[in-house]
Amino acid sequence: MLYVEKTIPEDCFRLAPNLKPLDKFEVAAMGFDPLTALLLPFEYKRPNTHTFTIFEEGTNEVVAIWGAIPINKINTKHGSIWFLSSDLLEKHSKFFLQGNIEWLSYLESHYTYVYNFITSEHKRSIKWLKWQKFIFFNKPMLVNGVEMYYFYKHLPLVDKVI
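All values reported here derive from a predicted model rather than from experimental measurement.

Basis of the calculations
Residues numbered from 1 in each chain as written. Predicted model: local features only at pLDDT ≥ 70, side-chain atom pairs only at ≥ 80, totals over all residues. Heavy atoms only, no water. Salt bridge = Lys/Arg side-chain N within 4 Å of Asp/Glu carboxyl O. Helix = DSSP H or I, 4+ residues; strand = E, 2+ residues; numbered from the N terminus. Buried < 20%, exposed > 50% of the residue type's maximum accessible area, 1.4 Å probe, protein only. Axes fitted to C-alpha atoms, helices over the stretch in contact; angles between N-to-C directions. Parallel < 35°, antiparallel > 145°, perpendicular 65-115°, else oblique. Left-handed = near helix turned anticlockwise from the far one by under 90°. Contact = heavy atoms within 4.5 Å. Nonpolar A, V, L, I, M, F, W, Y, C, P; charged D, E, K, R; others polar.

Enquirer: Mind showing me how you'd approach the pattern of salt bridges here?
Expert: Pairing is possible between side chains of opposite charge, provided their charged atoms come close. Inspection of every chain in the model, using the stated rule, returns 3 salt bridges. Measuring nitrogen to oxygen at the nearest pair gives 2.3 Å for the salt bridge that ties E90 to R124. Here R124 lies in helix α6 (residues 123–131) and E90 lies in helix α4 (residues 88–91), a separation of 34 residues in the sequence. On the accessibility criterion, E90 (43% relative accessible area) is partly exposed. A salt bridge links K153 to E108; its shortest N-O distance comes to 2.7 Å. Residue K153 is found in strand β8 (residues 146–154), and its partner E108 is found in helix α5 (residues 93–108); the two are separated by 45 residues along the sequence. By the burial criterion, K153 is buried, and E108 matches it.

Okay, structure coming up:
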């Protein structure tokens, strides 16, 4: 079983050394180390920033941290969406898939456009993003010398929180 809480900086320090290798690679391709990438939402201090931590019930181990950060302080309805996890996510993948739609909908309700980049090696994540109706550019782009796919989703502006 998993449960979700609003992220605090301590969660980032707990997840960073346990980040799965593919996520470490992707974060490095974007020019960050795991801890810096996880702490960025706290550093930017932008309005409409939302981050959440997924914990394993019983052990309280950090399974993943995810969220969205507005592209700047003026345009808070367009954000970079992200999800970083440990290998514990595999253990709870069925439970995660059953509950993720509600949480993603909540996050998306704060934005009209979300986007990010992902490496082609993230095959399961790409499949999940497509299942969540994200659109992918057909051709990869070079990001710091690494081929990555741009993905995005246009969202209706929702005034109420789900």
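Enquirer: When you look at the packing of α5 against α6 in this model, what are you seeing that I'm missing?
Expert: For any two helices packed against each other, the geometry comes down to the angle between their axes and how far apart the axes lie. Here α5 crosses α6 at 40°, and the two axes come no closer than 12 Å. Regarding the angle of α5 to α6, the classification is oblique. When the axes of α5 and α6 are compared, the crossing they make is right-handed. Residue-level contacts link S93, F96, L97, N100, I101 and L104 of α5 to R124, W128 and W131 of α6. Taken together, the residues of the contact of α5 with α6 sort by class into 6 nonpolar, 2 polar and 1 charged.

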